[in-house]
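# A look at the structure
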Amino acid sequence: MTKPVVVQKKPYLVEVESGKTYYWCSCGLSKKQPFCDGSHKGTDLVPVAYKATETKTVAMCGCKASANKPLCDGAHTKL
Ligand code: FES
Ligand code: FES
């Protein structure tokens, strides 16, 4: 598997905490979207680390097609 699964064609709004690192699921197989739960094992895909520099709500890509992973860049509107 080299292509991610489209989980949803909209972002996940998640609250991140300053200084914490999050691992965004790039493969779409995780049951804990938008975060990695290890389900990518055996695929060519790996999670993308995101370090929060402030505590805020961010829009993480749910379609897995963003060019600015792990954040939504609007690419879901063209799927
Ligand atoms: Fe999707 Fe880990 S479960 S990248
Ligand atoms: Fe993937 Fe917006 S949800 S680019």
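Residues numbered from 1 in each chain as written. Chains lettered and ligands numbered in written order. Predicted model: local features only at pLDDT ≥ 70, side-chain atom pairs only at ≥ 80, totals over all residues. Heavy atoms only, no water.

## Description of the overall build of the chain
Filter applied, for reference: Helix and strand labels come from DSSP, where a helix needs a run of H or I of at least four residues and a strand needs a run of E of at least two; each type is numbered from the N terminus. Here the term buried applies to any residue with accessible area under 20% of the maximum for its type, exposed to any over 50%, and partly exposed to those in between, with areas from a 1.4 Å probe on protein chains only. Any two residues whose heavy atoms approach within 4.5 Å at even a single point are treated as in contact.
Scanning the chain from terminus to terminus reveals zero helices and four strands. Secondary structure of the chain in N-to-C order comes out as β-β-β-β. A principal-axis box enclosing the C-alpha atoms of the chain has dimensions of 35 × 30 × 20 Å. Sorting the 79 residues of the chain into buried and exposed places 35% on the buried side. Restricting to contacts in the chain with at least 6 residues of sequence separation, those with at least 24 account for 59%.

## Overview of a nonpolar patch on the surface
The line we're drawing: Within this analysis, patches are made of residues with over 30% relative accessible area and no salt bridge. Like charges are joined at 9 Å or less; nonpolar side chains (Val, Leu, Ile, Met, Phe, Trp, Tyr) at 5 Å or less. Note that accessible areas follow from Shrake-Rupley with a 1.4 Å probe, and for residues the cover is restricted to the protein chains shown. Here a salt bridge means any side-chain nitrogen of Lys or Arg lying within 4 Å of a carboxyl oxygen belonging to Asp or Glu.
Judged by side-chain polarity, Met 1, Val 5 and Val 7 come together as a nonpolar surface patch covering roughly 200 Å² of accessible area. Within the secondary structure, Met 1 is located in the segment before strand S1 (12–16). For Met 1, a relative accessible area of 38% puts it in the partly exposed group.

## Thoughts on the nonpolar core
Stated precisely, the cut-off is as follows: Among the buried residues, those of types Ala, Val, Leu, Ile, Met, Phe, Trp, Tyr and Cys that are joined through side-chain atoms within 4.5 Å form a nonpolar core.
Counting residues in each nonpolar core, the largest one holds eleven residues, listed as Tyr 12, Val 14, Val 16, Tyr 22, Trp 24, Tyr 50, Ala 52, Val 58, Met 60, Cys 61 and Cys 63. Of all elements in the fold, only S1, strand S2 (21–24) and strand S4 (56–60) reach the threshold of two or more residues within this core. Counting residues per element, this core draws most heavily on S1, at three residues.

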